[in-house]
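Coordinate inspection notes
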Amino acid sequence: MRTTASLLRLFLLLIISIILMEWVYETDQQWAMLTEPIYWIIIGTVMLFGMAFEICIEALRVILFKTLKPEQQASYLAKEVYRKENQFKWFRVTYLKMLGNDEDIEEKEIILDHDYDGIRELDNNLPPWWVYGFYASIIFAIVYMVRFEVLNDYNQKEEYEMAVAEAKIQVEEWKKTAKDLVDVNTVTLLTDASDLNSGKKIYETNCIACHKSDGGGGIGPNLTDEYWILGGGVQNVFRTLLEGGRAGKGMISWKSELKPLEMAQAASYVISLGGTTPAEPKAPEGEIWQDENTPK
Ligand code: HEC
């Protein structure tokens, strides 16, 4: 019993510490700290100290017990027995009360008169847990009625819209940290100065040999005009970088050279060159690219 109790205490400690940590550790993401190693280190330390403390206390009791005189020991043990018998008494009593068990009632006192083909019925009291549950549901219903039917707090459509708006914010947050996961379908035009700067660096390291530093074109086509061989817009440019140009033309796939995020940055930088006037523009190649959805 003592060990159960001490385990219970430790478990409580764990729960309380989790709640405290969640409260102290401020993030938008709930329970985010559960993924932090430092958190588990702290919890582990606390638990270890807790256990050590329990063991010390127990040892102290044993030592103190040994110093007692025999009759004192006997009275101590008697008290212990009494304590154990009464442990959780309140809980046990309440539990039984909630079940509504009343063993003193004789069946014949509460049996109902009617008899359906030998099937008879006892007029038992409803178990209190059931009755309280029933009352609780009535209160719930009233509150619900007033809140949603009278005061029109919000309806299902609004609730749905709120959830979607919230989810959209979360997706945006997630995208900020998950840029590296972009692919042809999810790539979007990056407009942050930092992304465009990275894009520029990537472009200057890898691309100017064929496209010139101002994008005017050389071996590769002019990237500043609105004519595109392989399609304009960030998605097509990203795909061109990912898969390369037409066979034998010289534009390789950059898949093994650049990470997805880097390709998205380079593609966004290429798009940002659109409309500028290079020193020696190469004649347009391909078709005029128009897409309302993809800004050029
Ligand atoms: C070895 C030369 C070479 C290098 C280096 C090169 N390209 Fe190209 N690029 C080309 C050629 C050639 C084409 C035309 C491909 C075709 O016709 O299919 C092209 C096509 C393109 C296109 C498509 C243009 C259109 O009109 O559809 C884009 C966008 C592009 N390159 C971007 C880049 C970027 C960004 C880099 C650097 C990461 C890069 N290229 C590096 C040669 C090169």
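Residues numbered from 1 in each chain as written. Predicted model: local features only at pLDDT ≥ 70, side-chain atom pairs only at ≥ 80, totals over all residues. Heavy atoms only, no water.

A short note on the domain arrangement of the protein
- Assigned domains within the protein: domain 1 (2-87) and domain 2 (193-288).
- Of note, the centres of domain 1 and domain 2, computed from C-alpha atoms alone, are 64 Å apart. (Domains from an automatic or database assignment.)

Comments concerning unusual backbone geometry
- Backbone geometry places F88, a non-glycine residue, at a positive phi of 55°.
- Among the secondary structure elements, F88 is positioned in the loop between α3 (70-86) and α4 (89-99).
- Notably, N152 is not glycine yet its phi reads approximately 50°, a positive angle.
- Mapped onto the secondary structure, N152 falls in the loop between α6 (128-150) and α7 (156-177). (Helix = DSSP H or I, 4+ residues; strand = E, 2+ residues; numbered from the N terminus.)

Side note on the coordination of the iron atom of the ligand
- Here the iron atom of the ligand is held by H211 (NE2) and M251 (SD), and the distances to it run 2.0 to 2.2 Å.
- The coordination sphere of the iron atom of the ligand comprises six donor atoms, whose angles at the metal cover 87 to 179°; the geometry is octahedral. With H211 in helix α9 (residues 208-211) and M251 in the loop between α10 (233-243) and α11 (260-273), this residue pair connects regions lying 40 residues apart in the sequence.
- When its relative accessible area of 10% is taken as the criterion, H211 is described as buried.
- Judged by relative accessible area, which is 25%, M251 ranks as partly exposed. (Donors = N, O, S within 2.8 Å, 3.2 Å for Na, K, Ca; no water. Tetrahedral: all angles 85-135°; square planar, octahedral: opposite > 155°, others 65-115°. Buried < 20%, exposed > 50% of the residue type's maximum accessible area, 1.4 Å probe, protein only.)

Looking at the pattern of salt bridges
- Using the criterion set out here, one finds six salt bridges in the structure.
- Residue K157 is joined to E161 by a salt bridge in which the shortest nitrogen-to-oxygen separation is 3.4 Å. A residue pair is termed a helical-turn pair when its members lie 3 or 4 positions apart in one helix, as K157 and E161 do in helix α7 at four residues.
- Given the relative accessible area of 58%, K157 is considered exposed. (Salt bridge = Lys/Arg side-chain N within 4 Å of Asp/Glu carboxyl O.)

Quick word on the UniProt feature "transmembrane region" (unreviewed entry) in the protein
- The sites that UniProt annotates as "transmembrane region" (unreviewed entry) are residues 7-25, 37-60 and 129-146.
- Secondary structure across residues 37-60 divides into 100% helix and 0% strand, with the first and last C-alpha atoms of the span separated by 34 Å.
- In this annotation, residues 129-146 is assigned 100% helix and 0% strand; the end-to-end C-alpha distance for the span is 26 Å. (UniProt positions renumbered as here; feature names shortened; annotations may be inferred.)

Some words on the packing of α10 against α11
- Where α10 contacts α11, the two axes come as close as 9 Å, and the packing angle between them is 125°. Here α10 is positioned oblique relative to α11, judged by the angle of their axes. Crossing of α10 over α11 shows right-handed handedness. Only P260, M263, A264, A266, A267, S268, V270 and I271 of α11 make contact with α10, whose side of the interface consists of G233, V234, V237, F238, L241 and L242.
- Here the residues of the contact of α10 with α11 are counted per class, giving 12 nonpolar, two polar and no charged. (Axes fitted to C-alpha atoms, helices over the stretch in contact; angles between N-to-C directions. Parallel < 35°, antiparallel > 145°, perpendicular 65-115°, else oblique. Left-handed = near helix turned anticlockwise from the far one by under 90°. Contact = heavy atoms within 4.5 Å. Nonpolar A, V, L, I, M, F, W, Y, C, P; charged D, E, K, R; others polar.)

A word on the site of the ligand
- The immediate surroundings of the ligand are formed by 22 residues, with C207, C210, H211, L230 and M251 found nearest.
- Between the ligand and H211, the relevant distance is 2.7 Å, taken from a nitrogen atom to a side-chain nitrogen or oxygen of the residue.
- In this structure, an oxygen atom belonging to the ligand sits 2.7 Å away from a main-chain N or O atom of R246.
- Given that more than half its atoms are within 2 Å of the pocket grid, the ligand belongs to the largest pocket.
- Taken together, the elements giving at least two residues each to the shell around the ligand come down to α9 and α10.
- Broken down by element, the shell around the ligand gets its largest block of residues, three residues, from α10. (Near = heavy atom within 4 Å. Polar contact = N/O pair within 3.5 Å; in protein donor to acceptor, adjacent residues only side chain to side chain. 1 Å grid on protein atoms, 1.4 Å probe; cavity = no way out; pocket = protein on both sides within 12 Å on 5 of 7 lines; lining within 4 Å. Sits in = over half its atoms within 2 Å of the grid points.)

Some remarks on α10
- Among all positions in α10, only G233, V234, N236, V237, F238, T240 and L241 are buried.
- Packing partners of the buried residues in α10 comprise β1 (227-228) and α11.
- Just past α10, the residue G244 takes up positive phi, approximately 85°.

Observations regarding the packing of α4 against α6
- Contact pair α4 / α6: the axes reach a minimum separation of 5 Å and the direction vectors enclose 75°. As far as their axial angle goes, α6 and α4 are roughly perpendicular. On the side of α4, the interface is formed by K97, M98 and L99, while α6 contributes P128, W129 and Y132.
- Taken together, the residues of the contact of α4 with α6 sort by class into five nonpolar, no polar and one charged.

A closer look at the nonpolar core
- By size, the foremost hydrophobic cluster in this structure holds 24 residues, and its most contacted members are Y203, V237, F238, L241, M263, A264 and V270.
- For this core, the secondary structure elements donating two or more residues are α8 (193-206), α10 and α11.
- Looking at this core, the element that brings in the most residues is α11, giving nine residues.
- Not counting the four nearest positions on each side in its chain, L241 is found in contact with M251, I252, S253, W254, K255, M263, A266 and A267. (Core = buried A, V, L, I, M, F, W, Y, C linked by side-chain atoms within 4.5 Å.)

Points about the side chain of D225
- The topology assignment puts D225 in the loop between α9 and β1.
- Within the buried core, D225 has no salt-bridge partner, and the shortest N-O distance to an opposite charge, that of K282, equals 9.5 Å.
- Of note is the side chain of D225, whose polar atom sits 3.2 Å from the backbone nitrogen of Y227.
- Ignoring sequence-local partners within four residues, the contact set of D225 consists of K282, P284 and E285. (Lys, Arg positive; Asp, Glu negative; His and termini not counted.)

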